[in-house]
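Descriptive structure summary
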Amino acid sequence: MMTPPRNWHVDGSMRPYSNEDSFFSAIKAIVKRVLGIDDIVIDVEEDVSVSLFVFGPIGAGKTTFLEKIGASVTTAGIGTATETYPSFRMNLGNKTITIEEGEDIGGDPRNLRNGTLEQMINTKDKIVFIFDAKAFLNNADKSYRGVVMSRLCALYNANSNRNNIFIIASRLDTFEHGKYYIENEIRKQLIGKTYKDILNQSFGAYNLTSDDDIQTIKNIVFKQN
(Lines give C-alpha, C1' and ligand atoms only; values in the text may rest on other atoms or scores of the structure.)
Protein backbone atom coordinates (compact mmCIF):
# COMPACT_ATOMS: atom_id res chain seq x y z
CA MET A 1 0.00 0.00 0.00
CA MET A 2 1.08 3.60 -0.55
CA THR A 3 2.67 5.44 2.37
CA PRO A 4 1.50 9.07 2.68
CA PRO A 5 4.36 11.58 2.43
CA ARG A 6 4.78 14.29 5.05
CA ASN A 7 4.71 17.46 2.96
CA TRP A 8 1.81 17.33 0.50
CA HIS A 9 -0.65 19.40 2.46
CA VAL A 10 -2.50 22.03 0.51
CA ASP A 11 -1.30 24.72 2.92
CA GLY A 12 2.32 23.63 2.42
CA SER A 13 2.79 22.39 5.97
CA MET A 14 5.10 19.50 6.81
CA ARG A 15 2.94 17.72 9.37
CA PRO A 16 2.39 13.95 8.84
CA TYR A 17 -0.91 12.54 7.65
CA SER A 18 -2.95 10.61 10.16
CA ASN A 19 -4.02 7.99 7.62
CA GLU A 20 -4.28 7.24 3.91
CA ASP A 21 -7.78 8.72 3.63
CA SER A 22 -6.53 12.15 4.66
CA PHE A 23 -3.60 11.76 2.26
CA PHE A 24 -5.82 11.10 -0.73
CA SER A 25 -8.23 13.85 0.34
CA ALA A 26 -5.30 16.26 0.18
CA ILE A 27 -4.42 15.05 -3.32
CA LYS A 28 -7.97 15.68 -4.46
CA ALA A 29 -7.88 19.17 -2.96
CA ILE A 30 -4.64 19.95 -4.82
CA VAL A 31 -6.08 18.70 -8.13
CA LYS A 32 -9.21 20.76 -7.58
CA ARG A 33 -7.16 23.89 -6.87
CA VAL A 34 -4.74 23.46 -9.81
CA LEU A 35 -6.99 21.96 -12.48
CA GLY A 36 -10.42 23.03 -11.33
CA ILE A 37 -11.72 19.46 -11.19
CA ASP A 38 -14.31 18.98 -8.47
CA ASP A 39 -13.80 15.28 -7.96
CA ILE A 40 -11.44 12.56 -9.07
CA VAL A 41 -11.31 8.83 -8.55
CA ILE A 42 -8.00 7.47 -7.32
CA ASP A 43 -7.46 3.82 -8.12
CA VAL A 44 -5.42 2.26 -5.35
CA GLU A 45 -4.44 -1.30 -4.62
CA GLU A 46 -6.93 -3.37 -2.73
CA ASP A 47 -5.57 -5.48 0.09
CA VAL A 48 -7.60 -8.54 1.01
CA SER A 49 -6.88 -11.49 3.27
CA VAL A 50 -7.69 -15.07 2.22
CA SER A 51 -7.41 -18.40 4.02
CA LEU A 52 -6.42 -21.25 1.72
CA PHE A 53 -6.64 -25.03 1.87
CA VAL A 54 -4.75 -27.03 -0.77
CA PHE A 55 -5.03 -30.81 -0.65
CA GLY A 56 -4.93 -33.92 -2.81
CA PRO A 57 -3.37 -37.40 -3.12
CA ILE A 58 0.33 -38.11 -2.80
CA GLY A 59 2.46 -36.64 -5.57
CA ALA A 60 -0.29 -34.55 -7.16
CA GLY A 61 1.70 -31.30 -7.03
CA LYS A 62 0.21 -29.53 -4.02
CA THR A 63 3.51 -28.26 -2.64
CA THR A 64 4.67 -27.23 -6.11
CA PHE A 65 1.50 -25.17 -6.51
CA LEU A 66 1.95 -23.48 -3.12
CA GLU A 67 5.57 -22.71 -3.90
CA LYS A 68 4.63 -21.25 -7.29
CA ILE A 69 2.11 -18.82 -5.81
CA GLY A 70 4.60 -17.59 -3.22
CA ALA A 71 4.36 -19.81 -0.14
CA SER A 72 7.56 -20.54 1.74
CA VAL A 73 7.62 -24.34 1.62
CA THR A 74 10.65 -26.59 1.78
CA THR A 75 9.43 -29.99 0.61
CA ALA A 76 8.45 -29.40 -3.03
CA GLY A 77 9.33 -32.46 -5.09
CA ILE A 78 10.24 -34.74 -2.18
CA GLY A 79 6.89 -35.46 -0.57
CA THR A 80 5.22 -33.79 2.37
CA ALA A 81 3.93 -34.83 5.79
CA THR A 82 2.51 -31.61 7.22
CA GLU A 83 4.33 -28.31 7.07
CA THR A 84 3.09 -24.93 8.28
CA TYR A 85 3.87 -22.05 5.94
CA PRO A 86 3.80 -18.40 7.06
CA SER A 87 1.45 -15.78 5.70
CA PHE A 88 2.56 -14.25 2.40
CA ARG A 89 1.45 -11.58 -0.04
CA MET A 90 0.57 -12.11 -3.68
CA ASN A 91 -0.07 -9.46 -6.35
CA LEU A 92 -2.90 -10.03 -8.79
CA GLY A 93 -3.73 -7.13 -11.08
CA ASN A 94 -4.48 -4.11 -8.90
CA LYS A 95 -4.99 -6.29 -5.84
CA THR A 96 -2.58 -7.30 -3.14
CA ILE A 97 -3.82 -10.55 -1.63
CA THR A 98 -2.56 -11.71 1.74
CA ILE A 99 -2.66 -15.47 2.03
CA GLU A 100 -3.03 -16.33 5.69
CA GLU A 101 -0.75 -18.78 7.48
CA GLY A 102 -1.71 -22.30 6.48
CA GLU A 103 -0.64 -25.91 6.32
CA ASP A 104 0.80 -27.86 3.43
CA ILE A 105 -0.80 -31.22 4.20
CA GLY A 106 0.67 -34.35 2.63
CA GLY A 107 -1.44 -36.66 0.49
CA ASP A 108 -1.44 -39.61 2.87
CA PRO A 109 -5.10 -40.12 3.89
CA ARG A 110 -4.03 -40.36 7.53
CA ASN A 111 -3.22 -36.64 7.44
CA LEU A 112 -6.90 -35.80 6.90
CA ARG A 113 -8.59 -38.20 9.30
CA ASN A 114 -10.58 -37.42 12.47
CA GLY A 115 -12.61 -34.68 10.80
CA THR A 116 -9.63 -32.63 9.61
CA LEU A 117 -10.80 -32.66 5.98
CA GLU A 118 -14.34 -31.55 6.82
CA GLN A 119 -13.06 -28.82 9.15
CA MET A 120 -10.73 -27.43 6.49
CA ILE A 121 -13.39 -27.48 3.79
CA ASN A 122 -15.91 -25.65 5.93
CA THR A 123 -13.63 -23.03 7.47
CA LYS A 124 -11.27 -21.93 4.69
CA ASP A 125 -12.11 -19.21 2.15
CA LYS A 126 -10.64 -21.06 -0.83
CA ILE A 127 -10.42 -24.83 -1.32
CA VAL A 128 -8.06 -26.16 -4.01
CA PHE A 129 -8.09 -29.90 -4.71
CA ILE A 130 -5.26 -31.18 -6.92
CA PHE A 131 -4.95 -34.65 -8.41
CA ASP A 132 -2.69 -36.31 -10.98
CA ALA A 133 -4.62 -36.56 -14.26
CA LYS A 134 -2.29 -39.26 -15.61
CA ALA A 135 -2.82 -41.54 -12.63
CA PHE A 136 -6.56 -40.82 -12.60
CA LEU A 137 -6.99 -41.92 -16.24
CA ASN A 138 -4.83 -45.03 -15.84
CA ASN A 139 -7.23 -47.88 -16.61
CA ALA A 140 -4.65 -50.50 -15.64
CA ASP A 141 -4.81 -49.43 -11.98
CA LYS A 142 -8.03 -47.72 -10.92
CA SER A 143 -7.18 -47.46 -7.21
CA TYR A 144 -5.96 -43.87 -7.58
CA ARG A 145 -9.16 -42.97 -9.38
CA GLY A 146 -11.14 -44.34 -6.48
CA VAL A 147 -9.26 -42.15 -4.00
CA VAL A 148 -9.90 -39.06 -6.11
CA MET A 149 -13.58 -39.94 -6.55
CA SER A 150 -14.03 -40.19 -2.78
CA ARG A 151 -12.50 -36.74 -2.32
CA LEU A 152 -14.68 -35.25 -5.04
CA CYS A 153 -17.72 -36.74 -3.35
CA ALA A 154 -16.66 -35.24 -0.01
CA LEU A 155 -16.26 -31.83 -1.63
CA TYR A 156 -19.68 -32.07 -3.24
CA ASN A 157 -21.35 -33.03 0.03
CA ALA A 158 -19.60 -30.38 2.12
CA ASN A 159 -21.51 -27.43 3.53
CA SER A 160 -19.00 -25.05 1.97
CA ASN A 161 -19.94 -22.66 -0.83
CA ARG A 162 -19.08 -24.62 -3.99
CA ASN A 163 -18.06 -21.39 -5.73
CA ASN A 164 -15.03 -21.42 -3.42
CA ILE A 165 -13.99 -24.94 -4.46
CA PHE A 166 -11.50 -25.35 -7.31
CA ILE A 167 -10.47 -28.67 -8.86
CA ILE A 168 -7.12 -28.97 -10.65
CA ALA A 169 -5.96 -31.96 -12.67
CA SER A 170 -2.16 -31.77 -12.80
CA ARG A 171 0.54 -33.36 -15.00
CA LEU A 172 -0.96 -32.02 -18.25
CA ASP A 173 2.57 -31.96 -19.65
CA THR A 174 2.70 -35.77 -19.53
CA PHE A 175 -0.02 -36.14 -22.19
CA GLU A 176 0.19 -36.00 -25.96
CA HIS A 177 -3.43 -34.87 -26.14
CA GLY A 178 -4.46 -31.28 -25.44
CA LYS A 179 -6.01 -29.68 -22.39
CA TYR A 180 -9.67 -29.89 -23.40
CA TYR A 181 -9.41 -33.52 -24.47
CA ILE A 182 -7.98 -34.48 -21.08
CA GLU A 183 -10.63 -32.48 -19.21
CA ASN A 184 -13.40 -34.20 -21.17
CA GLU A 185 -11.90 -37.63 -20.52
CA ILE A 186 -11.90 -36.89 -16.79
CA ARG A 187 -15.49 -35.64 -16.90
CA LYS A 188 -16.55 -38.87 -18.62
CA GLN A 189 -15.45 -40.84 -15.57
CA LEU A 190 -18.00 -38.96 -13.45
CA ILE A 191 -20.99 -39.54 -15.72
CA GLY A 192 -23.75 -41.03 -13.61
CA LYS A 193 -22.18 -39.91 -10.33
CA THR A 194 -24.29 -37.74 -8.03
CA TYR A 195 -21.31 -35.45 -7.51
CA LYS A 196 -20.42 -34.96 -11.20
CA ASP A 197 -21.29 -31.24 -11.01
CA ILE A 198 -18.36 -30.62 -8.66
CA LEU A 199 -16.33 -30.37 -11.87
CA ASN A 200 -17.79 -26.95 -12.61
CA GLN A 201 -16.43 -24.21 -14.86
CA SER A 202 -13.45 -23.65 -12.57
CA PHE A 203 -12.20 -27.20 -13.15
CA GLY A 204 -9.21 -27.56 -15.44
CA ALA A 205 -6.16 -29.58 -16.41
CA TYR A 206 -2.83 -27.78 -16.00
CA ASN A 207 0.93 -28.11 -15.97
CA LEU A 208 1.93 -26.84 -12.53
CA THR A 209 5.50 -26.21 -13.64
CA SER A 210 4.25 -23.67 -16.20
CA ASP A 211 4.21 -20.05 -15.03
CA ASP A 212 1.45 -19.28 -17.52
CA ASP A 213 -0.75 -22.06 -16.14
CA ILE A 214 -0.08 -20.93 -12.57
CA GLN A 215 -1.11 -17.40 -13.49
CA THR A 216 -4.32 -18.73 -15.05
CA ILE A 217 -5.11 -20.70 -11.89
CA LYS A 218 -4.43 -17.66 -9.69
CA ASN A 219 -6.83 -15.57 -11.78
CA ILE A 220 -9.53 -18.22 -11.46
CA VAL A 221 -9.13 -18.92 -7.75
CA PHE A 222 -8.67 -15.37 -6.50
CA LYS A 223 -10.71 -13.37 -9.04
CA GLN A 224 -13.58 -12.93 -6.56
CA ASN A 225 -11.36 -11.25 -3.93
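Residues numbered from 1 in each chain as written. Predicted model: local features only at pLDDT ≥ 70, side-chain atom pairs only at ≥ 80, totals over all residues. Heavy atoms only, no water.

The next point concerns the packing of aromatic side chains. All told, the structure shown has five aromatic pairs when counted by the stated rule. Seen in terms of ring centroids, F55 and F129 are 4.8 Å apart; in terms of plane orientation they differ by 45 degrees. Their pairing is tilted. Note that F55 is positioned in strand β2 (residues 52-55) and F129 in strand β7 (residues 126-132), a separation of 74 residues in sequence. For the pair F55 and F129, a shared accessibility class is recorded, and that class is buried. Among the aromatic side chains, those forming a connected cluster through ring pairs are F53, F55, F129, F131 and F136. Between K134 and the ring centre of F175, over which it is positioned, the NZ or CZ distance is 4.8 Å. K179 extends its terminal NZ or CZ atom over the ring of Y206, reaching a point 3.8 Å from the ring centre. (Phe/Tyr/Trp six-rings, centres within 6.5 Å; stacked < 30°, edge-to-face > 60°. Helix = DSSP H or I, 4+ residues; strand = E, 2+ residues; numbered from the N terminus. Buried < 20%, exposed > 50% of the residue type's maximum accessible area, 1.4 Å probe, protein only. Lys NZ or Arg CZ within 6 Å of the ring centre and 35° of its normal.)

Turning next to the nonpolar core. F131, I167 and I186 are the most contacted members of the largest nonpolar core, which totals 57 residues. With six residues, helix α5 (residues 143-157) is the largest single contributor of residues to this core. In this view, I167 contacts F129, F131, L152, L155, I198, L199, S202, F203 and G204; residues no more than four positions away in its chain are not counted. (Core = buried A, V, L, I, M, F, W, Y, C linked by side-chain atoms within 4.5 Å. Contact = heavy atoms within 4.5 Å.)

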